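One-letter residues, chain by chain:
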Amino acid sequence: MEIAQAIRNDNHLPAWSPEAFEAQLRDKGRSYHIHHPFNVRMNAGGCTPDEIRCWVTNRFYYQICIPRKDAAILANMPLRADRRLWIERILDHDGHDDHKGSAAGGIEAWTRLGEAVGIAREDLWSLRGVVPAVRFACDAYVNFAAKAPWQEAVCSSLTEMFAPQIHKDRLATWPTHYPWIESDGLAYFRNRIPLASRDVEHGLRVTLGHFNTREAQHHALDILQFKLDILWTMLDAIEKACQ
Ligand code: AHQ
């Protein structure tokens, strides 16, 4: 899939150093969905229970797409060393060993979040409440990851550079604003914080090493913007659908 590239006049310049390139990637955090009006309102306690349930229902589709996205990337990874790291992401979401307790995985933890906000397992898993634009955005991510060179797909996961903060915000604000939500339902957010940091360490190493000309580095920034737009678009659709 071609990612639209802005016309730039500095592609002839030398590549940014790894430090400067990482700073450019992190500067994209200004477009992260932590700043989306719906997320701001949600973490300020401005959502009704129905809006929280609508957000959990729609984000469930994103969560079940992640391991499929990661399996598509895994299939394109030629090196065992990369696959040994990347496969952990699939297990994080699908679970491992006896799939009980902490080994049940993130999709199970999100199902627990659903029950904690008042959504029965079968209703969440029916996907009946997922709006078309959320499906479209998530499917675009899975399709991109399957078709793009694996290093580009790895780069698109780097929105997780900004994820620990959004999880910490929820853990810091939901118990006060939404005391009706059972606290063990928030385990998903707690569990993701160390996992996101681990993911980013590998994702950044691949990205900083692969995109090694100024033009390629601009392409990496366009890829990250594509994924930031996916997250932003999901909240646009959720905000509209959950009114
Ligand atoms: O729970 C999230 C998660 O497991 C992932 C994997 C990663 C990827 O591979 O694209 N991105 C991601 C994200 C998760 N949660 C989102 C949130 O707002 O709770 C943030 C999202 C991301 O930052 O990309």
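To be clear, the structure that these remarks concern was listed above.
Everything numeric in this text was worked out from a predicted model, so none of it was measured.

1. What about the overall build of the protein?
- Per the secondary structure count, the protein includes 11 helices and zero strands.
- Ordered by position from the N terminus, the helices and strands of the protein form the series α-α-α-α-α-α-α-α-α-α-α.
- Relative to its length of 243 residues, the protein is compact, with a C-alpha radius of gyration of 18 Å against a globular reference of 18 Å.
- Expressed along its principal axes, the backbone C-alpha trace of the protein runs to roughly 55 × 40 × 30 Å.
- The 243 residues of the protein split such that 53% are buried.

2. Describing the site of the ligand
- Among the 20 residues in the neighbourhood of the ligand, the closest are listed as Lys69, Tyr141, Thr159, Tyr188 and Lys227.
- The separation between an oxygen atom of the ligand and a polar side-chain atom of Tyr32 is 2.7 Å.
- Interatomic distance of 2.6 Å between a side-chain N/O atom of Lys227 and an oxygen atom of the ligand.
- If the ligand stood free it would expose 480 Å²; the protein chains cover 99% of that surface.
- It is helix α3 (residues 49–75) that provides the largest number of residues to the shell around the ligand, a total of five residues.

3. Here's the deal with the environment of Ala163
- Note that Ala163 resides in helix α9 (residues 163–177).
- Given the relative accessible area of 4%, Ala163 is considered buried.
- Put simply, Ala163 and Trp150 are 13 residues apart on the chain and 21 Å apart in space, counted from C-alpha to C-alpha.
- Apart from residues lying up to four places away in sequence, Ala163 is in contact with Tyr32 and Ala196.

4. Comments concerning the nonpolar core
- Ranked by size, the top nonpolar core spans 66 residues in total, and within it Ile52, Trp55, Val56, Trp110 and Trp174 carry the most contacts.
- Of all elements in the fold, only α1 (18–27), α2 (37–43), α3, α5 (106–116), α7 (132–147), α9, α10 (187–210) and α11 (214–241) reach the threshold of two or more residues within this core.
- The biggest single contributor to this core is α11, with 12 residues.
- Ignoring sequence-local partners within four residues, the contact set of Trp55 consists of Phe38, Met42, Trp110, Arg170, Trp174, Phe189, Leu235, Ile238 and Cys242.
- If you look at the next biggest cluster of nonpolar residues, it comprises 10 residues, including Leu74, Met77, Ile90 and Ala145.

5. A closer look at the state of the cysteines
- Per the stated rule, a full pass over the model turns up one disulfide.
- With no disulfide of its own, Cys138 lies 4.8 Å from the sulfur of Cys65, the closest cysteine sulfur.
- Unpaired in this structure, Cys155 has its nearest cysteine sulfur neighbour in Cys138, at a distance of 19 Å.

6. Concerning α3
- An ideal rise of 1.5 Å per residue puts 39 Å on 27 residues; α3 measures up with 40 Å between its terminal C-alpha atoms.
- The largest bend along α3 measures about 25° and falls at Cys65, with the proline Pro67 one to four residues further on.
- Taking burial as the measure, the 27 residues of α3 include 21 buried ones, the bulk of the element.

7. Looking at the packing of aromatic side chains
- Inspection of the entire model under this criterion finds 13 aromatic pairs.
- Between Phe144 and Phe226 the ring centres are 5.0 Å apart and the planes differ by 55°, which places this aromatic pair in the tilted class. One end of the pair, Phe144, is in helix α7; the other, Phe226, is in helix α11, with 82 residues separating them in the sequence.
- Take Phe144: its relative accessible area is 0%, and that puts it in the buried class.
- Taken together, a centroid distance of 5.7 Å and an interplanar angle of 80° make the contact between Trp174 and Tyr178 edge-to-face.
- What makes Tyr178 buried here is its relative accessible area of 2%.

The rules behind these values
Residues numbered from 1 in each chain as written. Predicted model: local features only at pLDDT ≥ 70, side-chain atom pairs only at ≥ 80, totals over all residues. Heavy atoms only, no water. Helix = DSSP H or I, 4+ residues; strand = E, 2+ residues; numbered from the N terminus. Rg over C-alpha atoms; globule rule 2.2 N^0.38 Å. Buried < 20%, exposed > 50% of the residue type's maximum accessible area, 1.4 Å probe, protein only. Near = heavy atom within 4 Å. Polar contact = N/O pair within 3.5 Å; in protein donor to acceptor, adjacent residues only side chain to side chain. Areas by Shrake-Rupley, 256 points an atom, 1.4 Å probe, with all protein chains shown as cover. Contact = heavy atoms within 4.5 Å. Core = buried A, V, L, I, M, F, W, Y, C linked by side-chain atoms within 4.5 Å. Disulfide = S-S within 2.5 Å. Expected span 1.5 Å × (residues − 1). Bend = angle between axes of the 7 residues up to and from the residue. Phe/Tyr/Trp six-rings, centres within 6.5 Å; stacked < 30°, edge-to-face > 60°.

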